[in-house]
Amino acid sequence: MRDIAVIASAQIPSERRSDLSEIEMVQKVVTGAIEKSGIDRRAFDFWCSGSADMLCGRPFSFVSALDAIGAWPPIRESHVEMDGAWALYEAWLKLQSDPGLHCAIVYCFGQSSLGPVPDILATQLDPYYETPLWPDSISVAAIQARALLDGGRYTERDFAEVAVENRRRGKSNPNAQLTGDFSIEEAMSGPYISSPLRKHYCPPLSDGACAIVIASREKVDELGFAAPAWIRGFDHRVEAQSLGVRDLTSSASTQLAGRRAGARGDSLDVAELHAPFAHQELILREALELGGSVSVNPSGGALAANPIMVAGLLRICEAAGAIHRGEAKRALGHATSGPALQQNLVCVMEAN
Amino acid sequence: MSESSAEILTAPYRLKYSYKRTTGPVIGRFLTDLRDGKITGVRRPDGAVMVPPREYDPETGEALSEFVSLPDTGVVTGWTWVAEPRQLHAMSTPFAFATIQLDGAHTGMLHRVVAPDESVMRSGMRVRARWAAERVGMITDIECFVPEESA
């Protein structure tokens, strides 16, 4: 495998409703990441983006985002209708498969303010068996949360602790949206959205964007970059789509992706987990066998800021950032997609 | 162009999918049977019955074709109570989304459960399908499931 590192990233603060257009959001994060990388804009060998047309209800809306990046002279470019973490996977694969390519930029954007996200996400379910009933994404997550409670290994208090902890840690993240010192009791007495999920156990609705730059060892040496986050393992796995055929209380795909990426839970300093709903962090911690010494979601995670199509790549940006700042030697970024943790991606990074 | 010939040409434009798609031999069979008031599952190589049926085994990818008739009763294996239905739920009163394992099946089917209130709901409760008066070959031909004792 070729040595490829994350060398820079940029994001804009998540907000409930951004005044920026999608194009303006992309322009800010792409320019920010390029400036930090020190690479000339025209020198990028590959560009890849992640977003979802279903959010604004306009086909090929990702094409207009190209206005923000200046696609002249012609560039090599691709897009995934997924969270940006999967766009990063494509870019990493592109650099792995062609030794003539040395750097790529990946960006993603999403505005939850454009429409009713819980309903829009019902369209990712089975179109014949499930979507006609419009099971919103909160209800789907709630069925999973109930299964976890029925399993007897966790109680609602565990959900509350995850929510309170993430929002407390999010206070030191200037890009987070919903942060603060909430009490367990406050969380456990909040209103239900879909029982057993109370408001506190659900993510905020966020608008946001981020961008990330990866480079080969040759490029890193040429730039003299001091603290690259070397990608040592990268894998993603998917489970069956229908909710009734898999065990919702565990995450076989996270476990498999983690093993194939060489995660080794006890060897990590930082793990950024994409768990939009509090109970999902408990499932992911188990699947990745994270030991007590691992710092989980120092950024506050998706419970503190959840820009749709962005929150997964943000986890990798945050994990890489901990290595860039010298706070971690070995860090993991995780992203999820699909209903109730159906598909999961794990990226393991190490310092020099 | 002379003024007399300045006729504005118009053509109808309707945004639509100008094709039909088939639901295939397995999903189509299930939906057609629903229209007839019957529930059909499919057997996996290990003997487990999956309903709603899939064309392929979710674990191995093997093609599946052995159909199995199932009763319209079963147990709730997972659920959530929706106290305030969203507009698209098309429900005027609180209800549950639930996974229901029909008697004789080994997997759950996502559907609605209509019960007097949340306190009635629990995993393991027995339910029975309430069929829609008019059936068209959609999952909503089962209007909802209701607690068996009240069916």
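Keep in mind the model is a prediction, meaning the values are calculated, not measured. (Residues numbered from 1 in each chain as written. Chains lettered and ligands numbered in written order. Predicted model: local features only at pLDDT ≥ 70, side-chain atom pairs only at ≥ 80, totals over all residues. Heavy atoms only, no water.)

## Focus: the nonpolar core
Core analysis: the biggest nonpolar cluster contains 41 residues, and Ile214, Leu313, Ile316 and Met349 of chain A have the highest contact counts within it. Residues lining this core come from more than one domain, with at least three contributed by each of domain 1 (4-114 + 205-223) and domain 3 (229-350) of chain A. Val140 of chain A together with Val68, Ala105 and Met109 of chain B belong to the second-largest nonpolar core, a separate cluster that totals 40 residues. (Core = buried A, V, L, I, M, F, W, Y, C linked by side-chain atoms within 4.5 Å. Buried < 20%, exposed > 50% of the residue type's maximum accessible area, 1.4 Å probe, protein only. Domains from an automatic or database assignment.)

## Remarks on the packing of aromatic side chains
Inspection of the entire model under this criterion finds 8 aromatic pairs over all chains. On the basis of an interplanar angle of 40° and a centroid distance of 5.7 Å, the ring pair of Tyr89 of chain A and Trp92 of chain A is categorised as tilted. Of the two residues, Tyr89 of chain A and Trp92 of chain A are both situated in helix α5 (residues 84-97); the distance of 3 residues between them amounts to about one turn of the helix. What makes Tyr89 of chain A buried here is its relative accessible area of 17%. The exposure class of Trp92 of chain A is buried, given its relative accessible area of 5%. Relative to Tyr201 of chain A, the ring of Phe159 of chain A has its centre 5.9 Å away and its plane inclined at 80°; by these criteria the two rings are edge-to-face. Placement of the pair is Phe159 of chain A in helix α8 (residues 156-169) and Tyr201 of chain A in the loop between β6 (197-198) and β7 (207-216), with a sequence separation of 42 residues. Of the residues examined, Phe159 of chain A reaches a relative accessible area of 0% and is grouped as buried. Relative accessible area serves as the criterion here: at 0%, Tyr201 of chain A is assigned to the buried category. Cluster of aromatic residues (ring-pair linked, three or more members): Tyr89, Trp92 and Phe234 of chain A. In this structure, Arg146 of chain A is placed above the aromatic ring of Trp79 of chain B, and the distance from its NZ or CZ to the ring centre is 3.5 Å. One residue, Arg29 of chain B, lies across the ring of Phe67 of chain B, its end atom 4.3 Å from the ring centre. (Phe/Tyr/Trp six-rings, centres within 6.5 Å; stacked < 30°, edge-to-face > 60°. Helix = DSSP H or I, 4+ residues; strand = E, 2+ residues; numbered from the N terminus. Lys NZ or Arg CZ within 6 Å of the ring centre and 35° of its normal.)

## Description of the sheet that holds strand β3 (residues 67-70) of chain B
Residues and elements named next belong to chain B. Read across the open sheet, the 3 strands follow the order β2-β1-β3; overall the sheet is antiparallel. The sheet terminates laterally at β2 (49-50) and β3, the two strands that pair on one side only. Summarising the sheet, strand β1 (residues 39-43) and β3 pair through 4 bridges and their orientation is antiparallel. What sits directly across from Thr40, in β3, is Ser69. Against the sheet, helix α1 (residues 24-35) engages β1 and β3, with an angle of about 155° to β1. (Pairing = 2+ DSSP bridges. Contact = heavy atoms within 4.5 Å. Axes fitted to C-alpha atoms, helices over the stretch in contact; angles between N-to-C directions.)

## A short note on the interface of chain A and chain B
At the junction of the two partners, chain A supplies 25 residues and chain B supplies 31 residues. Broken down residue by residue, the surface that chain A buries against chain B is led by Tyr128, Tyr129 and Leu133 of chain A, which jointly contribute 34%. At the junction of chain A with chain B, the criterion picks out 3 salt bridges. Every element with two or more residues in the side of chain A that touches chain B is listed here: α6 (117-120), α7 (137-151) and β5 (192-194) of chain A. A total of 5 residues in the side of chain A that touches chain B trace back to one element, the largest contributor, which is α7 of chain A. Within the side of chain A that touches chain B, the residues separate by chemical class into 14 nonpolar, 5 polar and 6 charged. (Buried area = accessible area lost by both parts, 1.4 Å probe. Salt bridge = Lys/Arg side-chain N within 4 Å of Asp/Glu carboxyl O. Nonpolar A, V, L, I, M, F, W, Y, C, P; charged D, E, K, R; others polar.)

## Observations concerning the pattern of salt bridges
Per the counting criterion, the structure on display carries 31 salt bridges over all chains. Between Arg217 of chain A and Asp3 of chain A there is a salt bridge whose closest N-O contact spans 2.9 Å. With Arg217 of chain A in helix α10 (residues 217-223) and Asp3 of chain A in the segment before β1 (4-11), this residue pair connects regions lying 214 residues apart in the sequence. Arg217 of chain A sits in the partly exposed class, given a relative accessible area of 32%. In this structure, Asp33 of chain B and Arg29 of chain B form a salt bridge, with 3.1 Å as the shortest nitrogen-oxygen distance. Of this pair, Asp33 of chain B and Arg29 of chain B both sit in helix α1, separated by 4 residues, roughly a single helical turn. Residue Asp33 of chain B is classed as buried on the basis of its relative accessible area, which comes to 9%. Salt bridges sharing common partners tie together Asp3, Arg217, Arg232, Arg330 and Glu350 of chain A.

## Quick look at α5 of chain A
Residues and elements named next belong to chain A. Helix length check: α5, at 14 residues, gives a terminal C-alpha distance of 20 Å against a target of 20 Å (1.5 Å per residue), a fit within 8%. Among the residues of α5, Gly84, Ala85, Trp86, Ala87, Leu88, Tyr89, Ala91, Trp92 and Leu95 are the ones counted as buried. Where α5 begins, the side chain of Asp83 points an oxygen toward the backbone nitrogen of Ala85, at a separation of 2.9 Å. (Expected span 1.5 Å × (residues − 1). Polar contact = N/O pair within 3.5 Å; in protein donor to acceptor, adjacent residues only side chain to side chain.)

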